[in-house]
Every structure is written in C-alpha cells, then in structure tokens.
Amino acid sequence: MGLSLVELLAAVGAELSTQNGPQIPSGSLHWIGRLENSPRALAKHGIFSGCDIWSSGEGWVPLGVTEIERWLVDASQGDHLIVCQRSSIDFDSGHFASETSLIIWTPKKYSQIIGDAVLSNELSISSPTSSADSIISTNLERTHPVSRTHDSLFTSLELGESTISIPPVVDVHALMKERGRSGLSLNPILLEANLWLVRGSLESAENSAQMEWIIVEDSFSNTCVVTENVIPMQTIPNITSLPAISQLSELELLHRLPALVEERRAEVLNSGDIDSHVSGGLLRWWRLNPQSVTVIARKIMLPAWQTKLPIEGPTIIHGISGLELPF
C-alpha cells in the first residue's frame, strides 16, 4: 500500500484513539486503534464508533484462517475490523460470518472502499506542497520500503537491518498452472541466503572506476550472482525458514569476485597530433584491483514454497527463479 492505513483512515475523517489498547499476545494482526468517530465513508460500510481496527501488515504470505482463529481466542468483546493489506487472503471471509462483531476487508474490498471514498469526495487530499507527513494521495502503488534519505540501494542495504527479506518475483499459482500442476498444496517458506555488499575499483590500462556490487549467494539453487533487484520488505514474514545449505567465506568470495565483476568496456582511442584528431574505439578489460575491495556481509531471506509433486516428491518452488528444487 502506498499510504499507511492510519493515513487513509484520517483522510476519510476518522479519528483513532491509541490509548488503552487490547491486552493480546503479539501475532500476525496488529492493533491500529479504536475508532472514536464514524465518518460517512466508514459508517455506510458498517464501521461505527468504538470499533477496534486491526491490520495484517503488508507481505506476500497470504493471511490464513488459522491466524484469524488464533486471534479470535484472545480478542475482546465488541466490534472489530480486520484490514488485510497482504497480497492475498487464503480463505473466504464468509467463513467468519457467524462472528457478527467481526468485519474483514480483503485487499480487493479495501481498495474498493478507498476508491468509493475518492469518487464520493469523501477522501481529503492535501496540496502537493504540504509536508511529507501530511500529504494524502490517491495513488495506491507500493512505496519503496527503504528510507528515501539514503543515496542508493547499496547504501540503504549497507545501513539497514542485518537481515532482510524480499518478495517473490514469480506468480507461483500461474507457474504451477502452466506446468500442469494446479491444485497442489503450496506452503510459503523462507530460504536463508547471503547478501554480499562489495566496494572496489575496476581498472583498465589508463582509467579506473569506483564500483559497488550487490551479490546474492543462494546455496539452495547453487548460484552467486550480481544483482540490482533487491527491494527489502518492511518486515520479515513470520513463517518457517530453512537455513542456508552452505556459505562462502569472505576469502572464498574474494577469489570468485573477478569472474563476477570484471568486464570489457569500449574505450575511445585518439590518434594523430593536436591538429589532426581521429577517434576510434577498442574493447579493453577492466580488472578488479584486489587491494581496493571492502566487503560487508548480510543475511537475506528468499521467498519460496514447499510442495509435494506427484512423481518427484517433496519439492521447493523458488520464489525468485521459479526453479523446482528437490527437498
């Protein structure tokens, strides 16, 4: 979600109290606050004053029936609204129809309600010149979860948490359908991998360049690659994780670095004297200066799913490459 749930509720005129929150064990659902007034944009959808509002938080792991049932055990009496901000919800919200005090907004329902508020002029939109903390926009695209004060993705990863998690690239359900394997049980998991942040200098015969590389070492798929496609999630999903099968030492990584980062570049050649200038081009190797290298190691959790294929048996579906890995 491009805007936080609190911002969107404030934009439709809702006021939340965050005092005296419910005494409930921490879990997948997070208490946002208690509704002190019910603007028309919420009241017409059955959300009234006194309702406790909860969020699933963002993420790629579906919100499941087990999480809701576990939360219900400790939930207090009264009205509750659960807003699912994850990419999907893994049950029919009608499953809880008997819980008359509980309303669940699926991601689709949530988007429809915000869209309806926009069309009904019930969503207050601030001027683009307002401060960053007060701007309300109807653009619901996902924001980059890394602080915008950082100069680059490399710097963000360097200064950020020691362990990060990234969302899947593949649509696992579409992928399995393409492979003729629809209907299989897919359990989301995380695969531990290593994230190497490397600075160093590439040098040719006459030039040099200071470089930064983000390298993901994934022992499950036996790969070690330079990438720019590392967009950390705000939180690491609380699901089963598998430790890395193996890990390169820093010395082993340094031995591999030249093959990963060295490259051939076109360089402009000049010939003739000052009065006669002719330009041409030549491909030259830019080699890594090993004395210039600095390395920072981080952990990265990669998305995946566990399943059992009819012939192959227990298998991991890799969430980045889509590879089927025996397990």
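Residues numbered from 1 in each chain as written. Predicted model: local features only at pLDDT ≥ 70, side-chain atom pairs only at ≥ 80, totals over all residues. Heavy atoms only, no water.

Participant: So, the sheet that holds strand 4 (residues 80–83): which residues are in play, and what are the values?
Facilitator: In sheet architecture, strand pairing relies on hydrogen bonds along the backbone and comes in two forms, parallel and antiparallel. Reading across from one edge, 1-2-3-4-5 is the order of the five strands in this open sheet, with mixed pairing throughout. The two strands at the open ends of the sheet, each matched to only one other strand, are strand 1 (16–17) and strand 5 (102–105). Pairing analysis gives four bridges linking strand 3 (residues 52–55) to strand 4, with the strands arranged parallel. If you follow Ile53 over to strand 4, its bridge partner there is Leu81. (Pairing = 2+ DSSP bridges. Helix = DSSP H or I, 4+ residues; strand = E, 2+ residues; numbered from the N terminus.)

Participant: How would you summarise helix 4 (residues 107–119) if you had to cite specific residues and measurements?
Facilitator: The end-to-end C-alpha separation of helix 4 is 19 Å, in line with the 18 Å expected for 13 residues at 1.5 Å each. Among all positions of helix 4, only Pro107, Tyr110, Ile113, Ile114 and Ala117 are buried. Here the buried residues of helix 4 occupy an arc of 130 degrees about the axis, which is enough to place them on one side. Turned more than 90 degrees off the buried face of helix 4, the exposed positions are Lys108 and Leu119. Check the buried side of helix 4 and you find it contacts helix 1 (5–11), strand 4 and strand 5. (Expected span 1.5 Å × (residues − 1). Buried < 20%, exposed > 50% of the residue type's maximum accessible area, 1.4 Å probe, protein only. Arc of directions from axis to C-beta. Contact = heavy atoms within 4.5 Å.)

Participant: Mind laying out the pattern of salt bridges, listing which residues take part and the relevant values?
Facilitator: Side chains that carry opposite charge are capable of pairing whenever their charged atoms lie near each other. The final tally for this structure, using the stated rule, is nine salt bridges. Across the pair Glu212 and Arg199 runs a salt bridge, and its minimum N-O distance is 3.2 Å. Here Glu212, found in strand 8 (residues 208–218), pairs with Arg199, found in strand 7 (residues 187–203); they are 13 residues apart in sequence, far enough to count as distant. The class of Arg199 is partly exposed, set by a relative accessible area of 26%. As a salt-bridge pair, Glu262 and Arg287 come within 3.1 Å of each other at their nearest N and O atoms. Of this pair, Glu262 sits in the loop between helix 7 (250–261) and strand 11 (263–271) while Arg287 is found in strand 12 (residues 278–309), placing the two residues 25 residues apart along the sequence. By sharing partners, the salt bridges in this structure join Arg179, Arg181, Glu312 and Glu324 into a single network. (Salt bridge = Lys/Arg side-chain N within 4 Å of Asp/Glu carboxyl O.)

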